[in-house]
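# Remarks on the overall topology
Below, each chain spelled out in residue letters.
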There are 2 protein chains.
Amino acid sequence: MTRDDRIGLRHGAGGPAMRELVQSVFARNAGDAGGDSLGLAQLDDGAAVRVGERWLVYTTDAHVVKPIFFRGGDIGRLAVSGTVNDLAMMGATEPLGLACAIVLEEGFERTALLRIQDSIERACAEAGTAIHTGDTKVMGRGEVDGIVITTTGFGFADRIVRDDGLRPGDEILVTGTLGDHGFAVLAERHDLALHGELRSDVAPLNGLVARALAAGGETVVAMKDPTRGGVAGALCEMAAKSGVGVLLDEVSLPVRRAVRAASELLGIDVLHVANEGKALLGVRPQEAKRVLEALRAHPLGRDACRIGRCSDELPGRVVLDTGFGRRLVAESDGELLPRIC
Amino acid sequence: MTRDDRIGLRHGAGGPAMRELVQSVFARNAGDAGGDSLGLAQLDDGAAVRVGERWLVYTTDAHVVKPIFFRGGDIGRLAVSGTVNDLAMMGATEPLGLACAIVLEEGFERTALLRIQDSIERACAEAGTAIHTGDTKVMGRGEVDGIVITTTGFGFADRIVRDDGLRPGDEILVTGTLGDHGFAVLAERHDLALHGELRSDVAPLNGLVARALAAGGETVVAMKDPTRGGVAGALCEMAAKSGVGVLLDEVSLPVRRAVRAASELLGIDVLHVANEGKALLGVRPQEAKRVLEALRAHPLGRDACRIGRCSDELPGRVVLDTGFGRRLVAESDGELLPRIC
């Protein structure tokens with residue numbers, strides 16, 4: 001049996017191995033869903049179906065983060081934010097409701113569950129939504145590591161924002177600093193000395209995204225949240241789907257000091273690390289400044305900046321301008337960061 | 001630390017312990033969702049929100065069945081059917097689409113995953129729906145037992161059928177034989193000799209339910225699928241929520257010979273065992289015969305029959321008339337049947 005006959009950690013890492021798995025197994029029979037819906041074949045963050053004049057957008061995510069509590073958040077806040085953000089990335093910034101299925105290990109502490117539930121409710125309140133239905137399953141001791149939370153959300157959008165709408169000349173904006181979530185979780189897991197300074201950015205972004213869409217309208221042509229696989233993974237996917245090259249300006253990448261230190265210490269490129277409270281936006285050049293100002297006026301977008309630009313060079317590729325030269329940015333296909341979300 | 005400070009298997013069994021957990025943790029702050037929606041506070045199989053003249057119904061379920069392949073089905077067919085059936089029980093018999101989040105254990109075989117995916121697609125085709133979006137996570141070896149599949153479904157209903165609409169005089173119908181799923185899984189797990197004759201009933205029921213609703217209209221006042229907790233659990237919940245007593249006629253309960261034998265062998269009451277392709281319907285007396293005929297005309301309802309009647313005696317309780325006397329039917333709060341779905 002070869003390695004590929006069995007699932008590996010990299011199949012859940014959000015990179016090429018996962019895409020191959022989805023394409024060859026889950027979406028292998030998914031045809032084009034037709035003009036009235038977007039489904040698996042598009043491999044976007046969610047699906048959408050026409051309902052009257054609007055689109056009903058929906059998305060689902062399983063959350064297996066380890067540890068379940070970390071600086072800046074926990075698995076409950078992550079579960080709500082991850083789903084709210086996937087909806088927002090498609091243009092549905094007012095979630096109608098969430099469904100939440102929880103799998104628990106026998107022996108899980110009720111106090112921990114209450115703490116997670118509090119966090120779920122707080123994150124829902126921030127996002128202006130609520131859990132309306134759920135399910136609870138219990139597996140025996142040793143059959144699941146603590147808790148798995150799967151959240152599914154849905155909402156209406158007047159216009160679907162895809163992740164393949166970039167064209168040469170478009171500006172790439174990011175709503176804030178990079179790598180905060182991934183390094184906070186790694187620090188917790190490995191008890192790094194930097195621990196105290198690293199803090200996950202996990203947050204629901206629908207309010208922030210609504211501001212950007214209000215400011216930029218249809219000039220906001222692509223959005224994606226750089227979670228698993230980080231900014232590198234998200235931009236490589238957007239570039240490949242859109243058929244444009246993306247030139248990133250390294251000097252302009254917003255990275256906190258502690259994250260930069262952790263990145264050097266662990267030898268992990270911040271571009272490959274998960275964010276859980278950030279969005280990448282592709283905006284037509286004439287409106288980029290206006291959208292950037294709208295982002296910066298929101299508390300979750302204060303550190304927003306322009307980090308790159310699309311071109312017709314090297315279509316499908318992401319290139320980093322380091323100031324000293326240029327290098328290709330590859331997707332990570334790694335097993336470095338399992339259970340980061 | 002007392003027993004209740006930690007989660008036990010019974011908290012996932014669909015009975016009183018689970019209800020207490022949901023009420024004291026997940027739904028403790030869930031107010032009445034208001035006239036335009038039904039949510040956690042109703043503790044129904046799903047939630048619903050008004051969209052124009054119709055209701056958008058949604059429901060989620062995590063599936064942890066062990067073993068993942070069993071006679072009559074597998075975890076994939078179960079995941080689709082469970083969600084389609086919860087929608088149907090609320091009156092949404094034409095699912096708009098499903099979302100599917102899969103958590104895999106490192107080392108899981110790709111051939112098994114393909115087999116499950118085939119089964120998911122077949123069950124979707126039977127139900128007239130498709131998986132439109134999903135998520136894949138991988139946990140390390142020993143961190144999850146094989147595979148967990150969480151499915152969420154959406155659909156519109158013109159009228160929500162609740163599980164609390166019974167009143168004295170209503171007839172209770174079941175769409176076919178009892179206990180097939182639970183005993184098939186137990187037989188597989190314990191390698192019972194009866195193995196070959198036991199076969200899960202897992203199937204999407206939306207087509208069958210649509211026939212019943214077309215025949216009975218608003219006289220179909222309550223529906224529930226007797227999954228975890230079995231017919232006893234489902235009827236106790238319906239009786240309690242509706243404030244009526246339910247008198248079951250033991251002689252009329254449809255049970256296959258092999259299931260009866262397994263029930264006696266294992267000492268497990270068939271009324272406590274999970275079904276995954278059956279529905280309980282509460283119907284106003286004048287239309288019960290008409291609905292029953294509609295059920296029997298469908299391949300999945302050939303063994304449908306009337307099994308009981310609602311009264312104003314012992315409101316909230318279920319009583320079994322054995323032919324020799326009467327006994328109360330209690331919900332199981334057991335740990336007998338973990339990971340049955």
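Our structure's up above, just so we're on the same page.
Each value, and the rule that gives it
Residues numbered from 1 in each chain as written. Chains lettered and ligands numbered in written order. Predicted model: local features only at pLDDT ≥ 70, side-chain atom pairs only at ≥ 80, totals over all residues. Heavy atoms only, no water. Pairing = 2+ DSSP bridges. Helix = DSSP H or I, 4+ residues; strand = E, 2+ residues; numbered from the N terminus. Axes fitted to C-alpha atoms, helices over the stretch in contact; angles between N-to-C directions. Contact = heavy atoms within 4.5 Å. Least-squares fit on C-alpha atoms with pLDDT ≥ 70 in both. Buried area = accessible area lost by both parts, 1.4 Å probe. Salt bridge = Lys/Arg side-chain N within 4 Å of Asp/Glu carboxyl O. Polar contact = N/O pair within 3.5 Å; in protein donor to acceptor, adjacent residues only side chain to side chain. Nonpolar A, V, L, I, M, F, W, Y, C, P; charged D, E, K, R; others polar. Buried < 20%, exposed > 50% of the residue type's maximum accessible area, 1.4 Å probe, protein only.

Attention now moves to the sheet that holds strand β15 (residues 326-329) of chain B. Neighbouring strands of a sheet are bound in pairs by backbone hydrogen bonds; such pairs are parallel or else antiparallel. Residue and element names in this part refer to chain B. A sheet is described by the order of its strands in space; here seven strands give the open sequence β10-β12-β9-β13-β11-β14-β15, paired in mixed fashion. The outermost strands of the open sheet, each flanked by one partner alone, are β10 (220-224) and β15. The sheet shows a mean angle of 25° between the axes of neighbouring strands, taken without regard to direction. Sheet analysis places strand β9 (residues 171-174) next to strand β13 (residues 305-311), joined by four bridges and oriented antiparallel. Paired with isoleucine 172 across the bridge in β13 is glycine 308. Each of β9, β10, β11 (245-249), β12 (280-283), β14 (318-321) and β15 is contacted by helix α6 (residues 230-242), which is oriented at about 140° to β10, the strand it contacts most.

Turning chain A through 180° and shifting it by 0.0 Å along the axis lays it on chain B, with an RMSD of 0.0 Å. Interpreted geometrically, this transformation is the action of a two-fold axis. When C-alpha distances to the rotation axis are compared across chain A, the minimum falls at Val144(A), with a value of 2.1 Å. Taken as a fraction of all interface residues of chain A, those also at the interface in chain B reach 100%, which identifies the copy contact as same-surface.

Counting from both sides, the interface comprises 74 residues of chain A and, opposite them, 75 residues of chain B. Both sides together, the interface formed by chain A and chain B hides about 6500 Å², and carbon and sulfur atoms give 61% of it. Summed over the shared surface of chain A and chain B, the number is 14 salt bridges. Note that Glu143(A) and Arg339(B) form a salt bridge whose closest N and O atoms lie 2.9 Å from each other. Between chain A and chain B we count 37 residue pairs in polar contact (both at pLDDT 80 or more) in total. Elements supplying a minimum of two residues to the side of chain A that touches chain B: α1 (16-26), β2 (47-51), β3 (54-63), β6 (95-105), α3 (110-127), β7 (131-139) and β8 (147-157) of chain A. In terms of residue class, the side of chain A that touches chain B is made up of 34 nonpolar, 20 polar and 20 charged.

A few words on the pairing of β10(B). Residue and element names in this part refer to chain B. The buried count for β10 comes to five of five residues, which makes it a mostly enclosed element. When β10 meets β12, the two strands line up antiparallel, connected through four bridges. Bridging across to β12, valine 220 finds its partner in valine 283.

Don't take any of this as a statement about function, it's just geometry.
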